[in-house]
Structures are given as C-alpha cells and as structure tokens.
Amino acid sequence: MSTATFVVAATSSEVLNVIAAFVGGLIIAGALIWAVQFGMRVRDRELPRPNPDEQPHLPDGGPVWEMREMREPDEVPHAEGKERLMPYELHPSGTRTGKDQHRRRWLPGSSGSFGSGGMGRV
C-alpha cells in the first residue's frame, strides 16, 4: 500500500469511530479496575470474620422448640370524653393467653373461609 492510501484511511470517519470506541473501552476498563481496587480497600478496612469458636452455638439443653398457644384478643378501651386514644394509653400487649387451649377446627360441611364458594354452614 502506498502512503496516500494510509493518509486517506487515517482521515476517514471510520477510523475516528474506531479510535473513539477504543478510547471509550479504555476508560470503561480503567473505571472497572479502579472500582475493584476501591472495593478491596474497603474490604480490608472491615472487621475480620469471626472464628468458628466465636460463632453462635446451640444451648446446652438442645434446640429451642416452637411453643403453640391459643391467644385471645385484648379489646381496645373506649376513649372516655376524648376524640382518640394515644399510644401510651393502650395496654402493652395486644393479646393474652387464652383459657381454652384447644384449637378450633372447621366443622365438616362448612366453607373454609368467606367467599370460598362453598355451601357455607349447613
């Protein structure tokens, strides 16, 4: 190829597009390298992971099992002469342990819930 061909190729817009894409790729690659190095520096400043002997362990009595109990609602008291109750005027807990601890079961022939399409209570 002659020198004139290189001059024409160097001045065409296609070469400028290739150069711009290459420079853009270098910028993106540099940004990714910087981000990885920054993340490594941040990770080095964090506290070390706990050793296996510092990990939580089961209690001596074994695993704690789920406790089931029937709860009964605690009614919200009526505001006497006021527009509304403030949070500090309510009880600390919304429910309490019920006297009857037997689970209620659905009656045979009754629907499972409202709007289920069943026959309802017969």
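Residues numbered from 1 in each chain as written. Predicted model: local features only at pLDDT ≥ 70, side-chain atom pairs only at ≥ 80, totals over all residues. Heavy atoms only, no water.

Caption draft 1: Here's a closer look at the overall build of the protein chain. Per the secondary structure count, the protein chain includes two helices and two strands. Counting all 122 residues of the protein chain, 2% fall into the buried class. Nonlocal contacts in the protein chain, meaning residues at least 24 apart in sequence, comprise 39% of its contacts between residues at least 6 apart. (Helix = DSSP H or I, 4+ residues; strand = E, 2+ residues; numbered from the N terminus. Buried < 20%, exposed > 50% of the residue type's maximum accessible area, 1.4 Å probe, protein only. Contact = heavy atoms within 4.5 Å.)

Caption draft 2: Region of the structure containing the UniProt feature "transmembrane region" (unreviewed entry) in the protein chain. Residues annotated by UniProt as "transmembrane region" (unreviewed entry) correspond here to residues 15–36. Between the C-alpha atoms that bound residues 15–36 there is a distance of 32 Å. The span itself is 100% helix and 0% strand. (UniProt positions renumbered as here; feature names shortened; annotations may be inferred.)

Caption draft 3: Spotlight on the confidence of the model for the protein chain. Per-residue pLDDT for the protein chain averages 79, and the proportion of residues at 70 or more is 79%. Ranking the elements of the protein chain by mean pLDDT puts helix α1 (residues 3–11) last with 69 and helix α2 (residues 13–45) first with 93. (pLDDT = per-residue confidence, 0-100.)

Caption draft 4: Seen up close, a nonpolar patch on the surface. Taken together, the side chains of L16, I19, F22, V23, L26 and I27 define a hydrophobic patch exposed on the protein surface, amounting to about 620 Å² of accessible area. Among the secondary structure elements, F22 is positioned in helix α2. (Patch = residues over 30% accessible without salt bridge, like charges linked within 9 Å, V, L, I, M, F, W, Y side chains within 5 Å. Areas by Shrake-Rupley, 256 points an atom, 1.4 Å probe, with all protein chains shown as cover. Salt bridge = Lys/Arg side-chain N within 4 Å of Asp/Glu carboxyl O.)

Caption draft 5: Quick peek at the pattern of salt bridges. Using the criterion set out here, one finds one salt bridge in the structure. Residues E69 and R71 are paired through a salt bridge, measuring 3.0 Å at the closest nitrogen-oxygen approach. Overall, the relative accessible area of 32% leaves E69 in the partly exposed class.

Caption draft 6: Broad picture of the packing of aromatic side chains. A full pass over the atoms with the stated rule returns one aromatic pair. Pairing W34 with F38 gives two aromatic rings, centres 5.4 Å apart and planes at 15°, and the pair type is stacked. Here W34 pairs with F38, and both are found in helix α2, just four residues apart, close to one helical turn. We classify W34 as exposed; its relative accessible area is 52%. You can call F38 partly exposed: its relative accessible area is 38%. (Phe/Tyr/Trp six-rings, centres within 6.5 Å; stacked < 30°, edge-to-face > 60°.)

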